[in-house]
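Given next are the chains, with one letter for each unit.
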Amino acid sequence: MFIKVHSAAVVGVEAVGVEIEVHEGRGDPKYAIVGLPDAAVKESIQRVMAALTNSGFGKPQGATTVNLAPADLKKEGPSFDLPIALGVVGLKEAYKEGALEKSCVVGELALNGRIRPVKGILSIVQGAREAGRKAVIVPVENAQEAALVDGIYTYGVENLRQAVELLQGESGQKPVQVDREEVFARQGAFEVDFEEVKGQEAAKRALEIAVAGNHNALLIGPPGTGKSMLAKRLPSIMSLMSEDEAIETTKIHSIAGLLERREGMVAARPFRSPHHTISDAGLLGGSGHPRPGEVSLAHHGVLFLDELPEFRRTTLEVLRQPLEDRKVTISRALGTVTFPASFMLVGAMNPCKCGYFGDVRRECRCSSNEVLKYRQRISGPVMDRIDLHVEVPLVEYRDLSQAAPGESSATIRERVDAARARQGARRPGGQPLPNAALGSKELKQVCQLDAEGAGFLHTAMTELDLSARAHDRILKVARTIADLAGERDILGDHVLEAIQYRTLDRKLW
């Protein structure tokens, strides 16, 4: 007796179809799983047999072999429990004609037959649709996430018996549907707002520019000036996520096991703030079986590194590749996987080790060598990839005591959206591409300077001894400032303001 059930495995952020073949032969009852399974998959046979007994189904009476094809793909995790169990049940009980062939099944089994949620559901459902499947059978806790994919029916099941009845056509269960607009509206209501920030108008202006062009930024100031407070409010002024961005981000969080089951999707731009003790693998992604790191979890959002000089130098260096390529490629003995990593990097640091260098109120206890050494914890190549160096000074009492709220995040976001629209209008088909991602060819086309602006930039390059990369960063920031001002051309004032955001390049440092 032979039966086949369709399932899938996640590799990177994509799903690969897996056929689960169950064969019962003659001989004494014994069970074997083949097809390059890991320990969790090998153990599934014990979970499956216990779940069958506790759900009222009989066990195979002969030698049973379960083959996971393709045999050269490493199978990981407990998500194959449910399809294996349905294959074993199908040896004795008939399913509705074509039900197994049209369906993709995933789920972990408890010993009592209950079905537990698994990771990577969104990728699996998308892969099933592309493979021509008409329906997916998933744990009920994963159903909201799975229902995000159009063009395929989603059924959430609570236990093994319910899954069997569904395939037999006896349950009468309706496909799960999700209201995307309601999810976007709920997650689009931010708990924090820029109107709560007192003073710091210059820093707010710089962060508005950073968001409008997706530029990386570094906040520099003494302790207690509100650097973290400003950074945490950045998602509230970023353009709302599109449906494609939300699904792409949700896939990454689902694979990492960080998706809220109640929500089913990530509809708000992520804000990730890892501690400075994080390892290279934790930031970039990796381990024996590659998983997304913080740079990928921040995809389409913000990666905030507080106390930037306290991070290990090697850890900061691994950021160089994803900042340029907007993706992370991880190679291991088991293969190579690529995770998307298009994020806005925002760092925060004190001006020196004690925190008070340049402060007119409190005396700095650091020598000039100690200040220089503290700054050099961040390498030149990493610093070159940061477009804006933003000074965040202490807030004056008169600003703190103001009763009137500041400018709201919604108002700032309107200007950001308008600037982004101008950036998209310059591209064929109106495809959005932030100024920070402009290539060399596009930079020449959209960042032409008049004589005044060229003179300002020439002086800055000469006096500050800037690198070629810093030159391009200034041009891109100036282009964003012009977009926010609604100007077609980059003017001299725009170039001057862009140069002001190169604080760490000045000889004062």
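Residues numbered from 1 in each chain as written. Predicted model: local features only at pLDDT ≥ 70, side-chain atom pairs only at ≥ 80, totals over all residues. Heavy atoms only, no water.

Undergrad: Quick one: what's the story with the side chain of K204, residue by residue and with numbers?
TA: For K204, the location among the structural elements is in helix α9 (residues 201-213). Those residues in contact with K204 that sit more than four places away from it in its chain are F194, V197, G199 and L230. (Helix = DSSP H or I, 4+ residues; strand = E, 2+ residues; numbered from the N terminus. Contact = heavy atoms within 4.5 Å.)

Undergrad: Could you give an account of the pattern of salt bridges, naming the residues involved and the relevant values?
TA: Summed over the entire model, instances satisfying the criterion amount to 25 salt bridges. Residue E24 is joined to K92 by a salt bridge in which the shortest nitrogen-to-oxygen separation is 3.5 Å. Of this pair, E24 sits in strand β2 (residues 14-24) while K92 sits in the loop between α3 (81-90) and α4 (99-102), and the two are 68 residues apart along the sequence. On the basis of relative accessibility, which here comes to 12%, the residue E24 falls in the buried class. Across the salt bridge formed by R473 and D387, the nearest N and O atoms sit 3.1 Å from each other. Within this pair, whereas R473 is found in helix α22 (residues 468-484), its partner D387 is found in the loop between α17 (380-384) and β18 (388-391), the two being separated by 86 residues in sequence. For R473, a relative accessible area of 10% puts it in the buried group. (Salt bridge = Lys/Arg side-chain N within 4 Å of Asp/Glu carboxyl O. Buried < 20%, exposed > 50% of the residue type's maximum accessible area, 1.4 Å probe, protein only.)

Undergrad: A description of the state of the cysteines should follow, citing residues and the corresponding values.
TA: Counted by the stated rule, this structure contains 0 disulfides. Take C366: it sits in no disulfide, and the sulfur closest to it among the cysteines is that of C354, at 3.7 Å. The class for C366 is buried, based on a relative accessible area of 17%. (Disulfide = S-S within 2.5 Å.)

Undergrad: Before we move on, could you go through the sheet that holds strand β11 (residues 271-272) and cite the residues and values that matter?
TA: Strand order in this open sheet of 5 strands is β11-β14-β17-β10-β18, and the pairing throughout is parallel. Only two strands of the sheet have a single partner each, and these edge strands are β11 and β18. Here strand β10 (residues 217-220) pairs with β18 via 4 bridges, running parallel. Paired with L218 across the two strands is H389, which belongs to β18. Of the strands in this sheet, β10, β17 (344-349) and β18 touch α9, which is tilted by about 160° from β18. (Pairing = 2+ DSSP bridges. Axes fitted to C-alpha atoms, helices over the stretch in contact; angles between N-to-C directions.)

Geometric descriptors of this kind do not, in isolation, establish any biological role.
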